[in-house]
Amino acid sequence: MRKVLIVGAGQAGLQLALGLQARQYEVTLVSGRTPEQIRGGRVMSTQAMFATALANERAHGLNFWDAEAPPITGLRKTVEKPGEGRLLDWRGEFSRPAQSVDQRVKMARWLELFAERGGAVEPRTITASELDAMAPGYDLVVVATGAGELGRIFERDPRRSPFTEPQRALAVAYVRGAAPSPDEPDTGLLRANSVPGVGDIYVIPGCTFGGACDVLLFEGIPGGPLDCWADRPGADQQWARMRELMREHLPSEHARFTGAELTDERATLAGGVTPVVRKPVAELPSGAVVLGMGDAVVANDPITGQGANVANRCAESYLDSIVARGEQPFDRAWMQQSFDRFWQHAQHVVAWTNTSLRPAQPHVQRIMAAAAEHREIRDRFANGFDDPADFRTWFLDPDGAEEYLRSFA
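A few points on the structure. (Residues numbered from 1 in each chain as written. Predicted model: local features only at pLDDT ≥ 70, side-chain atom pairs only at ≥ 80, totals over all residues. Heavy atoms only, no water.)

1. Quick notes on the overall build of the chain
Regarding its fold elements, the chain presents 13 helices and 17 strands. In terms of C-alpha radius of gyration, the chain reaches 21 Å, essentially the compact-globule figure of 22 Å for 409 residues. Principal-axis analysis of the C-alpha atoms gives the chain an extent of 65 × 50 × 40 Å. Per-residue burial for the chain yields a buried fraction of 55% across its 409 residues. Put simply, of all contacts in the chain between residues at least 6 apart along the chain, 74% involve residues at least 24 apart. Taken as a whole, the chain presents about 16600 Å² of accessible surface, with 49% of it coming from carbon and sulfur. If you average the places of the 44 positive and of the 53 negative side-chain charges in the chain, the two averages end up 1 Å apart. (Helix = DSSP H or I, 4+ residues; strand = E, 2+ residues; numbered from the N terminus. Rg over C-alpha atoms; globule rule 2.2 N^0.38 Å. Buried < 20%, exposed > 50% of the residue type's maximum accessible area, 1.4 Å probe, protein only. Contact = heavy atoms within 4.5 Å. Areas by Shrake-Rupley, 256 points an atom, 1.4 Å probe, with all protein chains shown as cover. Lys, Arg positive; Asp, Glu negative; His and termini not counted. Charge placed at Lys NZ, Arg CZ, Asp CG, Glu CD.)

Written out as structure tokens, the structure is:
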């Protein structure tokens, strides 16, 4: 029985641990928190999971919330200017529903499941030197956390990392009590609202403790009015500020949230993410090599909603690579090959996300405008959230975009 050590109990680490456990690998999981601490902690993400990622979880029997989490059936895209109203408003349908489950609920349950199935859990934070001391006892060591000291053992890949600091000021709130749309029904839609020169405000149908909720994500342009979280306000203060910002910059959404309240006292989050790709293999002082996964090696801004999906796809890809390796050694060359296999998907996410953090190019603006007139375009864009590779030939390529748009002339 091959022994695997996984450090990090988020989407990537837990999904891989449970997958290996089901295949009779002896897995030890190091988690910085217990299930109780996870449940009692602050919200961690927005985690809209699209169809392929959900199918992966269902294949492993990890889909415990299908009856509780509201299905996300499509995308409503708006561009709004205060005083001018909505300049753009269209909706695209997903071919298969998406879902968003509070990671406090999800990760705590998965961690308990791993332990219930006989998995060894070490609830502590470890240093690089401690990891070095543990490594000889395992056939493979995987680091699935990008936070703290361990996140820094993987070298930044400058060829794939154009940014050195966060490109958006982020704020998240989980709330209940929002009013329905006053103009046309949009229940079940992920609402992506852009305010030129200000940023983006997303509203995601979600599920948390006690049932359904709305998850709001503010993506503020640095130096703009949504870049206002440096004082780290308390939960109630942050939610009040978010409502005021909507009143000023996105009146249509503000009207829906005037009576909404936070789901709990830890339902807010603020900060920033530096988009980065790191080299996947790190060498410890003893010479032992470890493999990075999830946000330890690929971290994206949440503007495209891909974080949990990339972690899911990384876990699935690594699981296949580990099983296919059989009894052969998990050496440096195999680690690089395993990452390269995963990168075939992740590269498209990184390209799309980094493009989305920059001002929209003229061909993108034409695509967004044409989508209002052509259902095929808006549905194709919406389904790109599940399959970002599709964006390569048209949305991310000016020549491909023009050729595609000419087909609708």
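That shown, we press on.
2. Some details on the side chain of Asn300
Residue placement: Asn300 occurs in the loop between strand 17 (298–299) and helix 9 (307–325). Looking at Asn300, the relative accessible area reads 11%, which means it is buried. Setting aside residues up to four positions removed in sequence, Asn300 forms contacts with Val273, Val310, Val349, Val350 and Thr353.

3. Re the packing of aromatic side chains
Under the counting rule described, the total for this entry stands at 19 aromatic pairs. An aromatic cluster is defined as three or more aromatic residues linked by ring pairs; in this entry it consists of Phe50, Trp90, Phe94, Trp352, Phe381, Phe385, Phe391, Trp394, Phe395, Tyr404 and Phe408. Its guanidinium or amino end placed over the ring of Tyr138, Lys3 lies 5.4 Å from that ring's centre, counting from NZ or CZ. One cation-aromatic arrangement involves Arg109 over Phe64; the distance from NZ or CZ to the ring centre is 5.0 Å. (Phe/Tyr/Trp six-rings, centres within 6.5 Å; stacked < 30°, edge-to-face > 60°. Lys NZ or Arg CZ within 6 Å of the ring centre and 35° of its normal.)

4. Side note on the sheet that holds strand 7 (residues 140–143)
With mixed pairing, six strands are arranged side by side in an open sheet as 6-2-1-7-16-15. Strands with a single pairing partner mark the edges of an open sheet, and in this sheet they are strand 6 (120–123) and strand 15 (281–283). Looking at each pair of strands side by side, their axes are set apart by 25° on average, direction ignored. Of the pairings in the sheet, the one linking strand 15 to strand 16 (residues 289–292) comprises three bridges and is antiparallel in character. Across the sheet, Ala282 pairs through a bridge with Val290, a residue of strand 16. (Pairing = 2+ DSSP bridges. Axes fitted to C-alpha atoms, helices over the stretch in contact; angles between N-to-C directions.)

5. Overview of the packing of helix 1 (residues 11–22) against helix 4 (residues 103–116)
Packed helices, taken two at a time, are described by their axes: the angle between them and the distance between them. Axis separation between helix 1 and helix 4 bottoms out at 10 Å; the angle between their running directions is 30°. On the basis of their axis angle, the class for helix 1 and helix 4 is roughly parallel. For the pair helix 1 and helix 4, the sense of crossing is left-handed. Two secondary-structure elements touch here, helix 1 through Gln11, Leu14, Gln15, Ala17, Leu18 and Gln21 and helix 4 through Gln103, Lys106, Met107, Trp110, Leu111, Leu113 and Phe114. Tallied by class, residues from the contact of helix 1 with helix 4 come to eight nonpolar, four polar and one charged. (Parallel < 35°, antiparallel > 145°, perpendicular 65-115°, else oblique. Left-handed = near helix turned anticlockwise from the far one by under 90°. Nonpolar A, V, L, I, M, F, W, Y, C, P; charged D, E, K, R; others polar.)

6. Observations concerning the environment of His345
Residue position: His345 is located in helix 10 (residues 332–356). On the accessibility criterion, His345 (15% relative accessible area) is buried. Residues in contact with His345, not counting those within four places in the same chain, are Arg313 and Pro388.

7. Here's the deal with helix 13 (residues 398–406)
Along helix 13, the residues classified as buried are Gly400, Ala401, Tyr404 and Leu405. Along helix 13, the residues classed as buried sweep out an arc of 130° about the axis, all on the same side. Opposite its buried face, helix 13 presents the exposed residues Asp399, Glu403 and Arg406, each directed more than 90 degrees away. (Arc of directions from axis to C-beta.)

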